[in-house]
Amino acid sequence: MNYTEAVTYIEQIPRFAIKEPLAHAKELLRRVGDPQNTMKVIHVAGTNGKGSVCAYLASMLQEGGLSCGLFTSPHLVSMNERFRVNGEMMDNASFVRLFGRVKQVIDEFVAEGREHPSYFEILFAVGMLYFQEKQVEYAVLETGLGGRLDATNTVSHPLACIITSISLDHTEYLGDTVDKIAAEKAGIIKPGVPVIFDGCNPDAAAVIKRRADELGSPAFMLEESMYKAISNTPEGIRFLFDGADELAIPYVAAYQMMNASLAYFTMKVLSNVHGLKDEVLRRGIAGTRWEGRMETILPGVIVDGAHNEDGVRRFVETAVHFKKDYKITILFSAVADKRYREMIAEICRQIQPDAVVAAQIEGERSVPAGALAEEFRKNGCRKVHEQPDIGKAFDEACTMRGDGLLFCVGSLYLVGEIKKCLRRYENDKL
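What this report covers is the structure whose coordinates are included nearby.

What counts, and at which threshold
Residues numbered from 1 in each chain as written. Predicted model: local features only at pLDDT ≥ 70, side-chain atom pairs only at ≥ 80, totals over all residues. Heavy atoms only, no water. Helix = DSSP H or I, 4+ residues; strand = E, 2+ residues; numbered from the N terminus. Buried < 20%, exposed > 50% of the residue type's maximum accessible area, 1.4 Å probe, protein only. 1 Å grid on protein atoms, 1.4 Å probe; cavity = no way out; pocket = protein on both sides within 12 Å on 5 of 7 lines; lining within 4 Å. Points joined across faces, edges and corners; volume = space filled by probe spheres on them. Nonpolar A, V, L, I, M, F, W, Y, C, P; charged D, E, K, R; others polar. Contact = heavy atoms within 4.5 Å. Expected span 1.5 Å × (residues − 1). Axes fitted to C-alpha atoms, helices over the stretch in contact; angles between N-to-C directions. Parallel < 35°, antiparallel > 145°, perpendicular 65-115°, else oblique. Left-handed = near helix turned anticlockwise from the far one by under 90°. Phe/Tyr/Trp six-rings, centres within 6.5 Å; stacked < 30°, edge-to-face > 60°.

## Points about the environment of Asp395
By the element assignment, Asp395 lies in helix α15 (residues 390-401). Residue Asp395 is classed as exposed on the basis of its relative accessible area of 51%. For Asp395 and Cys421, which are 26 residues apart along the polypeptide, the C-alpha to C-alpha distance reads 10.0 Å.

Spelled out as structure tokens, the structure:
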């Protein structure tokens, strides 16, 4: 197979179809040599913020000159984005070669009458083989869905486990209460391994703490009282962590203070392992780059992959902060299986945007631009345009923002399509 054929093959595989997913993933990884157990792993689960936490961790390790593999999901443009070593994305040739090794095991499974490995299992196996091949010392792993049954949970003994904020999302798979979802996320905790977690939701925190106690795992709960903003400008936030350490992050969202704090505190807990000084950690935090999460892609233009109610609520907090000084334009799109009506209602009620452009992402799960525009109008927005084409919608929104701020929000797919548009534009200029 070439790269395109390999990606096409993987994209046609069902996401969630395995009856006993963790046992199935363990067997798949065993047959390719258990590469996930050949490196020092920091394992991250949660509803929102886990990708950002992973990015902070990887940036600190790299700033300290330590080799680091970063495994995240989903990707925005290219499948290779999920696998990075020292900040560099996996090349196509490596992807094809390592997928070929996994495909041999897939064929064995099929011949034996076993269930076909899932989309995520395959990508995790490819990623771990790549990290092993590159001889990374550290690997930062983001769970895909949940934690307890996730393919990343095949790691036998991580250095530390981190659990970010917990809220209702993927309820059809993880449960319909915060307690149930927290239990799934807490499934990554291993006996005796420290767990660092966001304790802002008391129901989730109680579940995580109870599981840590059961396994004899040191538990460190972070709360909002542990950090305080010093300044918040369109260039980023400076804040004080634990009353002593001043940290700077290149993001405008207040919730990123918690994500950065989780990563920073974890590295402090592991200081005897990596030996990096605090000043190195601070530089790593300040130099973090994480695509699609409150990311400034052009002056005054910010993209955010918020795609559930909690994510949108946190996005709204950021937009409201800037509303008093800037006119706010929103470019919005969503997929049908998310609670987009509630998301739109929250945006309109809290932000009262000056202008809105409703767009339509590709794929059968997309919500028509016209339907989204009508929801904004129902919720009191007067200046609402609908433009199905993402490229044209982005151009229109950029024009409408004037000297204000443009936030592109509602789906990671929207962020990915905007990124594609920008890359095409940059290539056309070359």
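## Describing the layout of surface pockets
Roughly 280 Å³ of volume is contained in the second largest pocket. Taken together, 19 residues make up the lining of the second largest pocket; nearest its centre are Ala55, Leu70, Arg84, Arg289 and Trp290. Counting residues per element, the lining of the second largest pocket draws most heavily on helix α3 (residues 50-63), which supplies 4 residues. Grouping the constituent residues of the lining of the second largest pocket by class yields 6 nonpolar, 7 polar and 6 charged.

## Let's talk about the environment of Cys408
Locating Cys408 in the fold gives a position in strand β17 (residues 405-409). Under the relative-accessibility criterion, Cys408 is labelled buried at 1%. Counting along the chain gives 113 residues from Cys408 to Glu295, while the straight-line C-alpha distance between them is 9.9 Å. Other than its neighbours up to four places away in sequence, Cys408 contacts Val301, Ile302, Val303, Asp304, Leu331, Phe394, Leu414 and Ile418.

## Some details on helix α9 (residues 256-269)
With 14 residues, α9 should cover 20 Å at 1.5 Å per step; its first-to-last C-alpha distance of 20 Å lies within 8% of that length. For α9, a buried count of 12 out of 14 residues is recorded, marking the element as mostly surrounded by other parts of the structure. Regarding α9, the residues found buried are Gln256, Met257, Met258, Asn259, Ala260, Ser261, Leu262, Ala263, Tyr264, Phe265, Thr266 and Met267.

## Points about the packing of helix α4 (residues 92-111) against helix α5 (residues 119-133)
The N-to-C vectors of α4 and α5 enclose an angle of 125 degrees; their axes lie 9 Å apart at closest approach. On the basis of their axis angle, the class for α4 and α5 is oblique. Between α4 and α5 lies a crossing whose hand is right-handed. Seen from α4, the contacting residues are Ser94, Phe95, Arg97, Leu98, Phe99, Arg101, Val102 and Ile106; seen from α5, they are Ile122, Leu123, Ala125, Val126, Leu129, Tyr130 and Glu133. A breakdown of the residues in the contact of α4 with α5 according to their chemical character gives 11 nonpolar, 1 polar and 3 charged.

## Here's the deal with the packing of aromatic side chains
Tallying each qualifying case throughout the model produces 15 aromatic pairs. An angle of 70 degrees between the planes, with centres 5.5 Å apart, marks the rings of Tyr3 and Phe95 as edge-to-face. Separated by 92 residues along the polypeptide, Tyr3 in helix α1 (residues 3-11) and Phe95 in helix α4 bring together distant segments of the chain. Each member of the pair, Tyr3 as well as Phe95, is classed as buried. On the numbers, 5.4 Å between centres and 70 degrees between planes, the contact of Phe71 with Phe124 is edge-to-face. One end of the pair, Phe71, is in strand β2 (residues 68-71); the other, Phe124, is in helix α5, and 53 residues separate them in sequence. Phe124 gets classed as buried once you look at its relative accessible area, which sits at 0%.

Everything listed here is a matter of geometry and, on its own, says nothing about what the molecule does.
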